[in-house]
Amino acid sequence: MAKTLLGIVGSLRKSGNSELFVKELFRQLSGDWELKLLRLPQMDIRPCKACYQCIFDEGKCPQNDDFSLVLDALIHADAYVIASPTYLLGANASLKRFLDRGLCFYGHLDGLWGKPAVAVAIAGIEGMEGHTKLDVESFVKLTMGDLRGSAVLYGALPGEIFLKSGARETALRLARALEGGGEPAQPSVPLCPVCGGDTFRFLPEGQVRCMLCSSAGPAGWEEGRLRVHTRAGEHTLFLSYEEARHHADWLRTMKDQFLARRNELKEVAQAYAGEGNWVTPQKA
Ligand SMILES: Cc1cc2nc3c(=O)[nH]c(=O)nc-3n(C[C@H](O)[C@H](O)[C@H](O)COP(=O)(O)O)c2cc1C
């Protein structure tokens, strides 16, 4: 039976670069696959209300919208690719809207954990992708996928990525990575030894923090190359199945902590009650 590749398109633009890249990657797969497509910005995914019900109720969210449709598609896929355009230096907001509901993922760890996945950031102007690559990589990691590769591609007009060199080669490379073949590329930039991320924040005293997995550690020049030595901290989100479970258990303990400190917290909030005038939405 054919395996299902879920192609998550982070753009409303029909036949745009994100959509075409997903289709090209599918064509480059060598095995027996079918392509299921999902246009994320089309989905009605509302903001998380921070009720925490999902972490006590097997990942079920009380809101009735398209969130579970997308989650089910991920659960039923054998592998997935996410491709998003850059909008104002970051990925399309639909990715974050979906991730904001992600406390639900902990109720579906077995269905989500470890699926092969790749991520692509598309930007119209070279070097102007901002944090889009980090955003699409985070999308895979936070949906508990096995991030096999990622890339940034440039092209502003719909289809333009394929008029420049490199996009088809990238699709082939990522298709191979998704199917578990191909040589792992030698890193040409420093990578986080914990998760493979390549986006860091510089901290005081020669330390850096990986923006993908939040691990911190020293960075410095060794034999003419910048190297980072991050180590996993206390709160890791997606580095192992057991730690993901552990994080979900820790989240559940917060309810008792809240109940125990309720009066103390209420006092803090009451001190600010009535401060300021709210601008309210037109449709309340
Ligand atoms: C609202 C908006 C904001 C954009 N912001 C950026 C940007 O910050 N940096 C950039 O390089 N390209 C930017 N672009 C260009 C898109 O990333 C580019 O056209 C991309 O190919 C669109 O992908 P799509 O065809 O899949 O929709 C922006 C486009 C739009 C519509």
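A few points on the structure. (Residues numbered from 1 in each chain as written. Predicted model: local features only at pLDDT ≥ 70, side-chain atom pairs only at ≥ 80, totals over all residues. Heavy atoms only, no water.)

Here we look at the site of the ligand
Counted only if it meets this: Near residues are defined by distance, with any heavy atom within 4 Å of the molecule or strand qualifying the residue. Each polar contact in these results corresponds to two N or O atoms within 3.5 Å; when the atoms are within protein, one needs to be able to donate a hydrogen and the other to accept it, and residues that are neighboring in sequence are counted only if both atoms are side-chain atoms. The Shrake-Rupley method, run with a 1.4 Å probe, gives the accessible areas here. Residue values count only the displayed protein chains as cover. Put simply, DSSP H or I for four residues or longer makes a helix, DSSP E for two residues or longer makes a strand, and each gets a number counted from the N terminus.
The environment of the ligand is made up of 17 residues, and the closest members are Ser11, Asn17, Ser18, Thr86 and Gly155. Contact between the ligand and Met128: a nitrogen atom at 2.9 Å from a main-chain N or O atom of the residue. In the environment of the ligand, an oxygen atom lies 2.6 Å from a nitrogen or oxygen atom belonging to the backbone of Gly155. Across the complex, the protein chains shield 76% of the 640 Å² of accessible surface that the ligand would expose by itself. When residues of the shell around the ligand are traced back to their parent elements, those giving at least two are helix 1 (17-27), strand 3 (79-87) and strand 5 (116-123).

Remarks on the pairing of strand 3
Definition in use: Throughout, exposure labels follow a simple rule: accessible area from a 1.4 Å probe, protein chains only, divided by the maximum for the residue type, with under 20% read as buried, over 50% as exposed, and the rest as partly exposed. Strands pair, by our definition, only if DSSP identifies at least two bridges between them.
The buried count for strand 3 comes to eight of nine residues, which makes it a mostly enclosed element. As paired strands, strand 1 (residues 3-9) and strand 3 are joined by five bridges and run parallel to one another. By the bridge assignment, Leu5 is partnered in strand 3 with Ala79. Both strand 3 and strand 5 contribute to a ladder of six bridges, which runs parallel. Bridge assignment links Pro85 to a residue of strand 5, and that residue is Ile122.

Looking at the layout of surface pockets
Cut-off, in case you're wondering: Throughout, the protein atoms alone are placed on a 1 Å grid, and a set of points is a cavity if a 1.4 Å probe fits but cannot get out or a pocket if it is open with protein on both sides within 12 Å along at least five of seven lines; lining residues have an atom within 4 Å of a point. Grid points are joined across faces, edges and corners, and a volume is the space filled by probe spheres set on the points. Classification convention: Asp, Glu, Lys, Arg as charged; Ala, Val, Leu, Ile, Met, Phe, Trp, Tyr, Cys, Pro as nonpolar; all other residues, Gly among them, as polar.
Reported here for the largest pocket is a volume of approximately 770 Å³. Lining the largest pocket are 26 residues, and of these Arg148, Gly149, Ser150, Arg173 and Ala185 sit closest to its centre. Breaking the lining of the largest pocket down by element, the ones donating at least two residues are helix 5 (132-142), strand 6 (146-154) and helix 6 (167-178). Considering each element in turn, the lining of the largest pocket owes the most residues, five residues, to strand 6. Roughly 440 Å³ of volume is contained in the second largest pocket. Put simply, the parts of the chain that give the lining of the second largest pocket at least two residues each are helix 3 (93-99) and helix 5. Across the lining of the second largest pocket, the residue classes break down as nine nonpolar, four polar and three charged.

Re a nonpolar patch on the surface
Applied cut-off: Each patch is assembled from residues with relative accessible area greater than 30% and no salt bridge, linking like charges that lie within 9 Å and nonpolar side chains (Val, Leu, Ile, Met, Phe, Trp, Tyr) that lie within 5 Å. Here, a salt bridge means any Lys or Arg side-chain nitrogen found within 4 Å of an Asp or Glu carboxyl oxygen.
Residues Leu89, Ile125 and Met128 make up a contiguous nonpolar surface patch of about 290 Å² in total accessible area. Its location among the elements puts Met128 in the loop between strand 5 and helix 5. We classify Met128 as partly exposed; its relative accessible area is 44%.

Topic: the packing of helix 1 against helix 6
The criterion, for reference: Each axis is a line fitted through C-alpha atoms, taken for helices only over the stretch in contact, and angles between the N-to-C directions span 0 to 180 degrees. Oblique is the label for every angle not falling under 35 degrees (roughly parallel), over 145 degrees (roughly antiparallel), or within 65 to 115 degrees (roughly perpendicular). A crossing counts as left-handed when the near helix is turned anticlockwise from the far one by less than a right angle, and as right-handed when that turn is clockwise. Throughout, a contact is declared for two residues whenever any of their heavy atoms are within 4.5 Å.
The interhelical angle for the contact between helix 1 and helix 6, taken along N-to-C directions, is 55 degrees, at an axis separation of 8 Å. Comparing the axis directions of helix 1 and helix 6 gives the class oblique. For the pair helix 1 and helix 6, the crossing hand works out as right-handed. The segment helix 1 lies against helix 6, with Phe21, Glu24 and Leu25 engaging Ala167, Arg168, Thr170, Ala171, Leu174, Ala175 and Leu178. Classifying every residue of the contact of helix 1 with helix 6 by side-chain character gives seven nonpolar, one polar and two charged.

Observations regarding the packing of aromatic side chains
Applied cut-off: The aromatic pairing rule takes the rings of Phe, Tyr and Trp, using the six-membered ring of Trp, and pairs them if the centres are within 6.5 Å, calling planes under 30 degrees apart stacked, those over 60 edge-to-face and the rest tilted. Sitting over a ring, as applied to charges here, requires NZ of Lys or CZ of Arg to be within 6 Å of the ring centre and within 35 degrees of the ring normal.
All chains considered together, the criterion is met by five aromatic pairs. With 5.0 Å between their ring centres and 35 degrees between their planes, Phe67 and Phe98 make a pair best called tilted. Here Phe67, found in helix 2 (residues 67-76), pairs with Phe98, found in helix 3; they are 31 residues apart in sequence, far enough to count as distant. The exposure class of Phe67 is buried, given its relative accessible area of 3%. A ring pair is formed by Trp113 and Tyr241, whose centres lie 6.0 Å apart and whose planes are at 80 degrees; its orientation type is edge-to-face. Taken together, the residues Trp113 in the loop between helix 4 (109-112) and strand 5 and Tyr241 in helix 7 (residues 241-260) connect sequence positions 128 residues apart. Ring pairs connect the aromatic residues Phe67, Phe98, Phe105 and Phe139, which therefore count as one cluster. Above the face of the Phe56 ring, Lys255 is positioned so that its terminal group lies 5.0 Å from the ring centre.

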